[in-house]
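# Descriptive analysis of the structure
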Amino acid sequence: PNLIKSIDSLLKAAGWQFSDIGCFCVGLGPGSFTGLRIGVTVMKGFALASKKPIKGIPSLDAIAYEGRYFKGTICPIVDAKKEMVYAAAYKAERDVLRRKGAYMVVKVEELLKKLKGEALFLGDGIVPYKGMIQKASRRDGLKPVFAPSQSWYPRADVLVNLCSKDILSGKFDDVHKLNPFYLHP
């Protein structure tokens, strides 16, 4: 009930009606299992009730976007507990962010073995694993850079930006098949 009230308050503050919304964009995760279920379910409910389209974006893509001007590897890390992170590696090429390889749920030590050179770390995984990353950098040729905390979480404007190309070309997700992206069972 608080989420719906918050959305209603935001719409009122912006001077919008619910009917003014043309489509929905939602962060799919990985992340908090309960939070993802609630967020995706609410957005799917809005899309179904309004008969408006929906598009989902993996949260790691949204976090990585914050580092899109970094010249080295961009590596969002979200704490998955037990010395594991949800992660992916990205490279910015001509103002376009490209994922290099698969989305992962991986032990921090294993992730660090895959990275060389300058790497920008973003995400809440910095808090518990910064020391481990710094230690690995001294032995593995990794040159870590740590993003400030305000760029650790997916932002709504970034999700919309990432959705915009698909939205403008009419490429949306099937609301009945759209599910949270967990990576971890």
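Our subject is the structure that appears above.
Quick summary incoming for the structure in this document. (Residues numbered from 1 in each chain as written. Predicted model: local features only at pLDDT ≥ 70, side-chain atom pairs only at ≥ 80, totals over all residues. Heavy atoms only, no water.)

## Overview of the nonpolar core
Stated formally: For the purposes of this section, nonpolar cores are sets of buried Ala, Val, Leu, Ile, Met, Phe, Trp, Tyr and Cys residues that join through side-chain atoms within 4.5 Å. The buried label goes to any residue with under 20% of its type's maximum accessible area, the exposed label to any with over 50%, and the partly exposed label to all in between, with areas taken from a 1.4 Å probe on protein chains only. For the purposes of this entry, the term helix denotes a DSSP run of H or I that reaches at least four residues, the term strand denotes a run of E that reaches at least two, and both are numbered from the N terminus. In this analysis, two residues are considered to be in contact whenever any of their non-hydrogen atoms come within 4.5 Å of each other.
Counting residues in hydrophobic clusters, the biggest one holds 35 residues, and the most contacted among them are Ile77, Val85, Leu111, Leu112 and Phe121. Only α3 (59-65), β3 (73-81), β4 (84-87), β7 (104-107), α4 (108-114), β8 (117-122) and α5 (126-140) provide two or more residues apiece to this core. Those residues in contact with Val85 that lie beyond four places of it in its chain are Ile77, Val78, Asp79, Ala80, Met104, Val105, Val106, Val108, Leu111 and Tyr129. Ile21, Phe46, Ile54 and Val175 belong to the second-largest nonpolar core, a separate cluster that totals 14 residues.

## What about the pairing of β3?
Put simply, the rule reads: At least two DSSP bridges between two strands are required for those strands to pair.
Summarising burial for β3: 8 of the 9 residues are buried, a large majority. Bridging between β3 and β8 involves 4 bridges; their strand directions are parallel. Opposite Pro76, over in β8, you have Leu122 as the bridge partner. Two strands pair when backbone bridges link them, and β3 and β4 are joined in this way by 4 bridges, in the antiparallel orientation. Within the sheet, the bridge partner assigned to Val78 lies in β4 and is Tyr86. From the end of β3 to the start of β4, which pair antiparallel, there are 2 residues, and Lys82 there has a positive phi angle of about 55 degrees.

## Examining a nonpolar patch on the surface
Definition in use: Think of a patch as exposed residues, more than 30% relative accessible area, with no salt bridge, where like charges cluster within 9 Å and nonpolar side chains (Val, Leu, Ile, Met, Phe, Trp, Tyr) cluster within 5 Å. Each accessible area value is a Shrake-Rupley result obtained with a 1.4 Å probe; residue values ignore everything except the protein chains displayed when judging cover. A side-chain nitrogen of Lys or Arg and a carboxyl oxygen of Asp or Glu constitute a salt bridge if their distance falls within 4 Å.
The grouping of Leu3, Ile4 and Ile38 at the surface amounts to a nonpolar patch, some 250 Å² of accessible area in total. With respect to the secondary-structure elements, Ile38 resides in helix α2 (residues 33-50). Ile38 sits in the partly exposed class, given a relative accessible area of 46%.

## Focus on the pattern of salt bridges
Evaluated as defined, the whole model comprises 9 salt bridges. Ionic pairing is found between Arg155 and Glu66, a salt bridge with its closest N-O pair at 2.7 Å. With Arg155 in the loop between β9 (142-146) and α6 (156-168) and Glu66 in the loop between α3 and β3, this pair connects stretches of sequence that are 89 residues apart. The exposure class assigned to Arg155 is partly exposed, which follows from its relative accessible area of 34%.

## Looking at the layout of surface pockets
The criterion, for reference: Of the two site types, the cavity is a set of points on a 1 Å grid over the protein atoms alone where a 1.4 Å probe fits but cannot get out, and the pocket is an open set with protein on both sides within 12 Å along at least five of seven lines, each lined by residues with an atom within 4 Å of a point. Grid points are joined across faces, edges and corners, and a volume is the space filled by probe spheres set on the points. For this classification, Asp, Glu, Lys and Arg are treated as charged, while Ala, Val, Leu, Ile, Met, Phe, Trp, Tyr, Cys and Pro are nonpolar and the rest, including Gly, are polar.
Approximately 700 Å³ is the volume found for the largest pocket. Taken together, 22 residues make up the lining of the largest pocket; nearest its centre are Ile7, Phe24, Cys25, Met43 and Ala156. Among the secondary structure elements, those contributing two or more residues to the lining of the largest pocket are α1 (2-14), β1 (24-27), α2 and α6. Considering every element that reaches the lining of the largest pocket, the biggest residue donor is α1, with 6 residues. Among the residues forming the lining of the largest pocket, the class breakdown is 18 nonpolar, 3 polar and 1 charged. As a volume, the second largest pocket reaches approximately 590 Å³. Along its surface, the second largest pocket is lined by 19 residues, and Tyr65, Val96, Leu97, Leu162 and Lys165 are the ones closest to its centre. For the lining of the second largest pocket, the elements supplying multiple residues, two or more each, are β2 (54-57), α3, β6 (96-99) and α6. Per element, the largest residue contribution to the lining of the second largest pocket is 5 residues, and it comes from α6.

## Looking at the state of the cysteines
Rules: Sulfur atoms of two cysteines make up a disulfide when they are within 2.5 Å.
Taken as a whole and assessed by the stated rule, the structure comprises 1 disulfide. What pairs with Cys25 in a disulfide is Cys163, and their sulfur atoms sit 2.3 Å apart. Since a negative S-S torsion denotes a left-handed disulfide, the Cys25-Cys163 link at about 60 degrees is right-handed. With Cys25 in strand β1 and Cys163 in helix α6, this pair connects stretches of sequence that are 138 residues apart. For the unlinked cysteine Cys23, the closest cysteine sulfur is that of Cys163, found at 7.5 Å.

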